[in-house]
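# Commentary on secondary and tertiary structure
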Amino acid sequence: MVILSLVSCSVSLFSPPTSLRLHLPPVTSLFSHGSFPASTFKPELRPLLLCCFDPRDTALIHRCNCLTSTIDGETQTESLFSLFRDIGFKEEETEMILAKNPDVKSTPLDKISARVASLQSLKLDGFALQGLIAKCPTLLTSEELDLVITFLVDELEGRLDPELVERILAVADTSFLLSFNQKVRLLIHHGVPKEKISYVLSKVYLNKLMYQKSVEDIERLISYLEPFGGIGIIARRPVILNSDLDTQLIPRVEFIRNLSGEDDFATGTVLRRLPAILSYSVDHMNSHVEFLKSFAGLTSEQVFKIVHVFPNVISTSKERKLRPRIEFLKECGFDSPGMFKFLSKAPLFLALSEDNLSHKLGFLVKIGYKHRTKELAFAMGAVTRTSSDNMQRVIGLYLSYGLSLEDILAMSTKHPQVLQYNHTSLEEKLEYLIEYMGREVEELLAFPAFLGYKLDSRIKHRYEEKLKSRGENMSLNKLLTVSAERFSKTADSVEVICL
């Protein structure tokens, strides 16, 4: 058998190429690993072997081995081209990738196929997969990526958006990806839900997080913010992770904390309501505080109370919005205490756009409000909580039920909120008042607060209970303003009398 194989190989060396391909397979198993020592053959075959192996024969065998390796390499290359063709690459594009990363040729085909399958399981297909491989061909061979891809597929359950996966895997130095797993595990450990981790990572500067932030840096940052809301603040404003703890976050948090009178809970409330406030420098925040103190005449404590209910005041332009709005309040007759009381209830007045306020001001003047009056200012404060479109619909609804502009002015002067309620909810209450309770719409002039109560749980419930004992003629004011405890006792006594 050995002699036949050797003879077959020797003959094939001088045969045409087609003959070479036909006769090499039996020889491959014998010579694919180079020359064999004579001791590997059975004793009875050693004389035959020794007589065959003269210097010329060993040279022929060596040439046979080289040709066999060449054919194996050609088969690997052909298989690679077939694989890349399936991904979507043209032949010249595949050649460029192999030129950029020659290791692809020497890596077992099954390993490359498995890597491609893993990338596809992360929802990287079509142009996305092509672009990533073309940009970073080392993705197909880098051993550092094994742990990262396994982490993305198994631990994160493939939850990351494909665009985010591309950004993560396209980093210049794959060695930095090894700490990526630790950093993400840390965020999850501290409370970021897995379903939100994609959002968090998509909002940070990934290169900065990977290259400049150590696991210890992130741990310190989370621990410092813990008394104020910790991971909840980070989950809402992930870019905080890119901030420097010592030079940025600590000075900014401490500024707000000092303004609050070192009240950690109140400071945390501000940070939870507007995590983006930590994007502003201490100089920026201080300039807004000093402006409100000097121009509006407020104290530091009063400024913080406004910041506490409406942190966006820190991000509002001083010259375009704060100055002209405070001027308006001064023209309407407000002193500093009155201004503080107004802004505590309607802080949004400071931040609305010029167009928004102009439209609402026009509606109020049309109703009958006078310029430079406190009544106008109070009405403006009330309508900051609604849209111009809803306000217009509300006024139209009142008019359709027979109320005049003078009636609307009287109602809103007494109870400014009647201009901010949702028009759909208002229509349901007006219909119930007139159709089911049998009342006149003019009764609202005496008690406009009726429109602010919930229809089902308050108005309907109490009306139907009182209807059992007093009939239909009862005061809307007394029906709705009495406390729930007192109303319940009255209803119970009525039920006992009836029994």
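Scroll up for the structure.
First, a word on scope: everything that follows refers to the structure included in this document. Values in this document were obtained by computation on a predicted structure and should not be read as measured data.

## Things to note about the packing of aromatic side chains
In this structure the tally under the stated criterion is twelve aromatic pairs. When the ring of F342 is compared with that of F349, the centres are 5.5 Å apart and the planes differ by 85°; the resulting orientation is edge-to-face. Each member of the pair, F342 together with F349, is buried. Taken together, F328, F334, F342, F349 and F378 form an aromatic cluster joined through their ring pairs. In this structure, R323 is placed above the aromatic ring of F295, and the distance from its NZ or CZ to the ring centre is 4.9 Å.

## Description of the nonpolar core
Buried together is how nonpolar side chains tend to be arranged in soluble globular proteins. If you look at the biggest cluster of nonpolar residues, it comprises 136 residues, and the most contacted ones within it are L152, L169, Y398, F450 and L451. Examining the composition of this core, we find that six residues originate from one element, helix α16 (residues 245-259), more than from any other. Every residue in contact with F450, bar those within four places of it in the chain, is listed here: K429, L433, M437, L444, I459, L476 and L480.

## A word on unusual backbone geometry
Unlike most non-glycine residues, E262 shows phi in positive territory, near 60°. Looking at where E262 falls in the secondary structure, it is placed in the loop between α16 and α17 (264-273). Here the phi dihedral of R372 falls at roughly 55°; this positive angle occurs in a residue that is not glycine. For R372, the location among the structural elements is in the loop between α22 (354-367) and α23 (374-383). The class of R372 is exposed, set by a relative accessible area of 57%.

## What about the pattern of salt bridges?
As enumerated under the stated definition, the model contains 15 salt bridges in all. Between E157 and R159 there is a salt bridge, with its nearest N and O atoms 2.9 Å apart. Residue E157 is classed as partly exposed on the basis of its relative accessible area, which comes to 46%. What makes R159 partly exposed here is its relative accessible area of 35%. Notably, a salt bridge pairs K305 with E301, separated by 3.7 Å at the nearest N-O pair. Taken as a pair, K305 and E301 lie in helix α19 (residues 300-309) at a separation of four residues, close to a single helical turn. Owing to a relative accessible area of 53%, E301 belongs among the exposed residues under this scheme. Residues joined by salt bridges that share partners form a network here, namely E157, R159 and K194.

The rules behind these values
Residues numbered from 1 in each chain as written. Predicted model: local features only at pLDDT ≥ 70, side-chain atom pairs only at ≥ 80, totals over all residues. Heavy atoms only, no water. Phe/Tyr/Trp six-rings, centres within 6.5 Å; stacked < 30°, edge-to-face > 60°. Buried < 20%, exposed > 50% of the residue type's maximum accessible area, 1.4 Å probe, protein only. Lys NZ or Arg CZ within 6 Å of the ring centre and 35° of its normal. Core = buried A, V, L, I, M, F, W, Y, C linked by side-chain atoms within 4.5 Å. Helix = DSSP H or I, 4+ residues; strand = E, 2+ residues; numbered from the N terminus. Contact = heavy atoms within 4.5 Å. Salt bridge = Lys/Arg side-chain N within 4 Å of Asp/Glu carboxyl O.

So yeah, pure geometry; function would need other evidence.
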